[in-house]
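A closer look at the structure
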Amino acid sequence: MRVFLSLALAMLALSGAPSASAAANAYAMADPMIGTGGGGHTFPGATVPFGMIQLSPDTAMPDFKHAYAWAAGYQYGDHSILGFSETHFSGSGHSDLGDVLLMPGVGKVQWDAGDPDKPGSGYRSAFSHQAEVAQPGYYAVTLATSGVRVELTAGQRVGWHRYMFPKDQDAHVLLDLRPSIYDYPGKMLWARLRVRADGTVTGYRETRGWAPGRQLWFAIRFSQPMTSHQLVNRETDIVYKGFAGPAPDPTGVDAVAGKQLEGTFEFGKLTKPLLVKVAISTVSAANAIANLDTDGRGWDFDARRAEARAAWEQALSAIDVDAPPDIEKSFYTAMYHALISPNLAMDANGEYRGPDHAVHAAKGFAFHSSWSLWDVYRAEMPLLAFIQPPRRIDDFVDSLVAAQQASPFGILPVWAYQGLETWCMIGYHAVPVIANAYMQGFRGFDADAALKAMVASATYAPYGDLGDYMKLGYVPQDHGDESVSKTLEYAFDDWTLARMAQAMGRKDIAKTFFKRAGNWRNVFNPKTGFAQPRLADGKFREPFDPATAGVGSGFTEGNSWQYSWYEPQDIGGLIHELGGDQGLVKKLDEVFDAKINPRVFASLEDVTGLIGWYAHGNEPSHHIAYLYDYAGAPWKTQARLAQIMRTQYAPTPEGRVGNGDLGQMSAWYIFTALGFYPVAPASNQYVIGRPFVRRAVLHLPNGKTFTITTDGLGKDHPYVGSVTLDGKPLARVYLTYAEIMNGGTLHFTMQAQPNRTWGVAPKDRPYSMTAYPLPEERFGSRE
């Protein structure tokens, strides 16, 4: 045994695995409270990496019209807690969920939720942040009104609660199936609640929310027997009272159904903590019980908390960072938020609910959902390729393809959760997610089936004006709004599809989609120097103001100042349209230096974090600062990145200027802090900016390490003086995926003044369709 252990430790050392102390530091630096205030829309509660459960406190679930600030159910500025529910999004711009809301209490049961502005009213409780603890995988708070200490932790499919009640008062737990994040009258379609003969509480609710007809089942068990319980239909005020535990009838007489259900479970005076474990399923109550039996064995809360911590330490320590304290805290918190989604959406037996609302079984993969694809294709998914095992990436691709195969329309997910489609946002951005994975050598999925799914999504004429796009080469504004954004984003998606088809030897498909990748030119007006709405007759719509945003503008959550530079596959072509390098530099300077009235975006909640026209709080701007590299002015990229990092991120609850967007805002921060960014996913190139860390070690999934080191890092040295890769000068302003995965050391020397000679030659700039073809690459297996 000792010999085996020594060999195992030696192998870990050779593989570059992170040390225990580094893992503990990463865990300690991640702060789930960051982003819970303002517009960050993150939650502080307990989850595990990519888990099915996001168990967190809810401070309010207001009416849909006033719900934006509570997209994660929790706002740091609130002073009372409504309860603790099992499902939440991390940083979404729109929302839903908040399922299976539990609230412990003492004394007489309060059935009404109370007023958020009146802490202690109804069953809600006052609380203070001084009584809160938030760590990855663990949350605790003392409810000031009742005196109950609440602790939460989570596993893959089970949420764990531990309640310590005041010893001299009768304890109860209330379950409210009525409230929902982004609520509105009529959202609740139907619910059922039942206490089974063994004391297991099961139920179901169906809502008409972001994904219409969403069904969720649950199973709850308590560590101590109930003394009594009540199940209530608030519409009819019919009350089923059960005394001395559940009714003995196993057929379910001890049950209630309707649209407005509550239950309360009473335990008398308790001298030890009450544990509650909750499992969910999108398939059935039987599956929820099976999930509880499989993933929720025993009653050892501390062991489950330790398992959650171990999962987070392993995930967070994939990158070992040495940086100034604020940077390090923000970095590991960004890592934490980047590792929450996509979420497992499959039961222990492999069953899941598909976009056709039917039940399917995953064969050889774990089905995941919560796909904010308009956001995460940009940096979140490319990041995970460096810090997650290959099987995880393959599972993601398999999940997307399985969803396409089950779709009534035969297309890949657009914005899906719990297996269901919402049709939110534009584009077919599952395509670049799959293409990027393939181009990076992942082969644990059926590439032919994936390519077929990609082509089907890119040619489904009824979706998003694709019929016009395929016929005219652009989306005409007089046939559908958001026409410019659609055209630009479709063109990029097409390019990534072509890249994968080319790598697979499918020249016919590659030819078609490489041609479509140039469609961005069809909405770019060289006379104005902007992307501009175009009509079906071929004319650009007049009058035109690039500042116009909102309904009818032709743009999605932005305007032409933000979207005109979205041609990641062909920045060389954009430079040509603008008359050369200085044309692009001038436009980019105007973007950042503009003096604007933010009220121009008053109707657009997500356009935040403004620096001139640049809006870091929303994804269309995320690549813009890196575009100076393409025009031979990398020192301007470096200066702009310093400005963004300084003004858009802080290690505080209000430290995110925009929604976290299920990891994309965090992935941008991680890449930028390391010194490079994937401007064009599927290019296998990472555009160099500047580092914000003294040292970072990426513990790659292939066992190698890639190290970033920096000399002279500080506010008085904001510019890159020189760069070396494995000790050799690096003249170009990009890295390749292969260079990173092969391991090695990237070293930056920082200085006070710009280096106007490094990275300026055309041959040293990142890839562009127009400038030159990407060199031939080998696509080796990651298996």
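Residues numbered from 1 in each chain as written. Predicted model: local features only at pLDDT ≥ 70, side-chain atom pairs only at ≥ 80, totals over all residues. Heavy atoms only, no water.

Time to look at the overall build of the protein chain. Each helix and strand in the protein chain was counted, giving 19 helices and 38 strands. The C-alpha atoms of the protein chain give a radius of gyration of 27 Å, which matches the 28 Å a tight globule of 783 residues would have. Within the protein chain, the proportion of its 783 residues that are buried is 64%. Put simply, of all contacts in the protein chain between residues at least 6 apart along the chain, 70% involve residues at least 24 apart. Surface summary for the protein chain: the accessible area is close to 27,100 Å², and the carbon and sulfur share equals 54%. (Helix = DSSP H or I, 4+ residues; strand = E, 2+ residues; numbered from the N terminus. Rg over C-alpha atoms; globule rule 2.2 N^0.38 Å. Buried < 20%, exposed > 50% of the residue type's maximum accessible area, 1.4 Å probe, protein only. Contact = heavy atoms within 4.5 Å. Areas by Shrake-Rupley, 256 points an atom, 1.4 Å probe, with all protein chains shown as cover.)

What describes two packed helices is the angle between their axes and the distance between those same axes. It is at 10 Å that the axes of helix 8 (residues 390–406) and helix 9 (residues 430–439) come closest, and there the two elements cross at 140 degrees. When the axis of helix 8 is compared with that of helix 9, the two are oblique. The interaxial crossing formed by helix 8 with helix 9 has left-handed handedness. On helix 9, the residues touching I393, V397, L400 and V401 of helix 8 are A430, V433, I434 and A437. Split into classes, the residues belonging to the contact of helix 8 with helix 9 amount to 8 nonpolar, no polar and no charged. (Axes fitted to C-alpha atoms, helices over the stretch in contact; angles between N-to-C directions. Parallel < 35°, antiparallel > 145°, perpendicular 65-115°, else oblique. Left-handed = near helix turned anticlockwise from the far one by under 90°. Nonpolar A, V, L, I, M, F, W, Y, C, P; charged D, E, K, R; others polar.)

On to helix 5 (residues 325–338). Its 14 residues place the ends of helix 5 20 Å apart at the C-alpha level, agreeing with the 20 Å of an ideal helix rising 1.5 Å per residue. Summarising burial for helix 5: 11 of the 14 residues are buried, a large majority. (Expected span 1.5 Å × (residues − 1).)

We now examine the pairing of strand 11 (residues 188–195). The pairing of strand 11 with strand 12 (residues 201–208) spans 7 bridges and is classified as antiparallel. What sits directly across from R192, in strand 12, is Y204. In this antiparallel pair of consecutive strands, strand 11 and strand 12, the connection spans 5 residues, and G199 shows a positive phi of 95 degrees. Examined bridge by bridge, strand 11 and strand 16 (residues 255–258) share 4 bridges and lie antiparallel to one another. Across the sheet, residue A191 finds its bridge partner in strand 16, namely G258. (Pairing = 2+ DSSP bridges.)

Moving on to the pattern of salt bridges. Tallied over the full model, the rule gives 30 salt bridges. In this structure, E262 engages R178 in a salt bridge whose closest nitrogen and oxygen atoms are separated by 3.4 Å. In this pair, E262 sits in strand 17 (residues 261–269) while R178 sits in the loop between strand 10 (170–176) and strand 11, placing the two residues 84 residues apart along the sequence. Residues R309 and E313 are paired through a salt bridge, measuring 2.7 Å at the closest nitrogen-oxygen approach. (Salt bridge = Lys/Arg side-chain N within 4 Å of Asp/Glu carboxyl O.)

So, on to the packing of aromatic side chains. A complete count under the given rule lists 43 aromatic pairs for this structure. Between Y204 and W217, the aromatic rings sit 4.8 Å apart at their centres with planes inclined by 45 degrees, giving tilted as the arrangement. Of this pair, Y204 sits in strand 12 while W217 sits in strand 13 (residues 212–222), and the two are 13 residues apart along the sequence. Exposure remark for Y204: the relative accessible area of 5% places this residue in the buried category. Residue class for W217 comes out buried when judged on its relative accessible area of 11%. The interplanar angle of 35 degrees and the centroid separation of 5.4 Å between the aromatic rings of F386 and Y737 together place this pair among those described as tilted. Of this pair, F386 sits in helix 7 (residues 380–387) while Y737 sits in helix 19 (residues 737–741), and the two are 351 residues apart along the sequence. (Phe/Tyr/Trp six-rings, centres within 6.5 Å; stacked < 30°, edge-to-face > 60°.)

The next subject is helix 13 (residues 507–516). Taken residue by residue, helix 13 has I509, A510, F513 and R516 as its buried positions. Down the axis of helix 13, the buried set is contained in an arc of 125 degrees. They therefore lie on one face. Facing away from the buried side of helix 13 by more than 90 degrees, the exposed set consists of K507, K511 and K515. Buried residues along helix 13 sit against helix 10 (447–458), helix 11 (466–472) and helix 12 (483–503). (Arc of directions from axis to C-beta.)

As a further point, take the sheet that holds strand 32 (residues 685–688). The sheet built from 3 strands is open, its strands ordered 31-32-37 with antiparallel pairing. Of all the strands in the sheet, just strand 31 (676–677) and strand 37 (734–736) have a single pairing partner and so form its edges. When strand 32 meets strand 37, the two strands line up antiparallel, connected through 3 bridges. Across the sheet, residue V687 finds its bridge partner in strand 37, namely Y734.

Of all residues in the protein chain, 95% have pLDDT values of 70 or greater, and the mean over the chain is 94. Taken together, the stretch residues 244–252 has pLDDT below 50 and engages in 20 contacts with residues farther than four places along the chain or on a different chain. Between residues 772–783, whose pLDDT stays under 50, and residues either more than four places distant or in other chains, the model counts 29 contacts. (pLDDT = per-residue confidence, 0-100.)

This part is about the side chain of D395. Its location among the elements puts D395 in helix 8. With a relative accessible area of 9%, D395 lands in the buried category. At 3.4 Å, the side chain of D395 and the backbone nitrogen of A366 are in polar contact. When sequence neighbours within four positions are dropped, the list of residues in contact with D395 reads F365, A366 and H368. (Polar contact = N/O pair within 3.5 Å; in protein donor to acceptor, adjacent residues only side chain to side chain.)

Let's shift gears to unusual backbone geometry. Geometrically, the link from S341 to P342 is a cis peptide bond, its omega value of 0 degrees lying close to zero. In this fold, P342 is placed in the loop between helix 5 and strand 20 (343–344). Here Q418, not a glycine, exhibits a phi torsion of approximately 50 degrees, which is positive. Looking at the element boundaries, Q418 is found in the loop between strand 25 (415–417) and strand 26 (420–421). Residue classification places Q418 among the buried positions, given a relative accessible area of 13%. Unusually for a residue other than glycine, D661 sits at a positive phi of about 50 degrees. For D661, the location among the structural elements is in the loop between helix 17 (634–648) and helix 18 (664–674). Residue D661 is classed as buried on the basis of its relative accessible area, which comes to 6%.

Following the sequence through the fold, A403 ends up in helix 8. Taking the C-alpha atoms as reference points, A403 and H368, 35 residues apart in sequence, are found 9.7 Å from one another. Here A403 is in contact with P355, I411 and P413, once residues within four sequence places are set aside.

Turning our attention to the side chain of T496. Relative to the helices and strands, T496 resides in helix 12. By relative accessible area, T496 is classed as buried at 0%. Among the polar contacts listed, one links the side chain of T496 to the backbone oxygen of D493, at a separation of 2.7 Å.

Let us look at the packing of helix 7 against helix 18. At a minimum axis distance of 9 Å, the contact between helix 7 and helix 18 shows a crossing angle of 60 degrees. Classed by the angle they form, the pair helix 7 and helix 18 counts as oblique. At the point where helix 7 passes helix 18, the crossing takes the left-handed sense. Between helix 7 and helix 18, the contacting residues are E380, P382, L383 and F386 on the first element and Q664, A667, I670 and F671 on the second. Of the residues belonging to the contact of helix 7 with helix 18, the class tally is 6 nonpolar, 1 polar and 1 charged.

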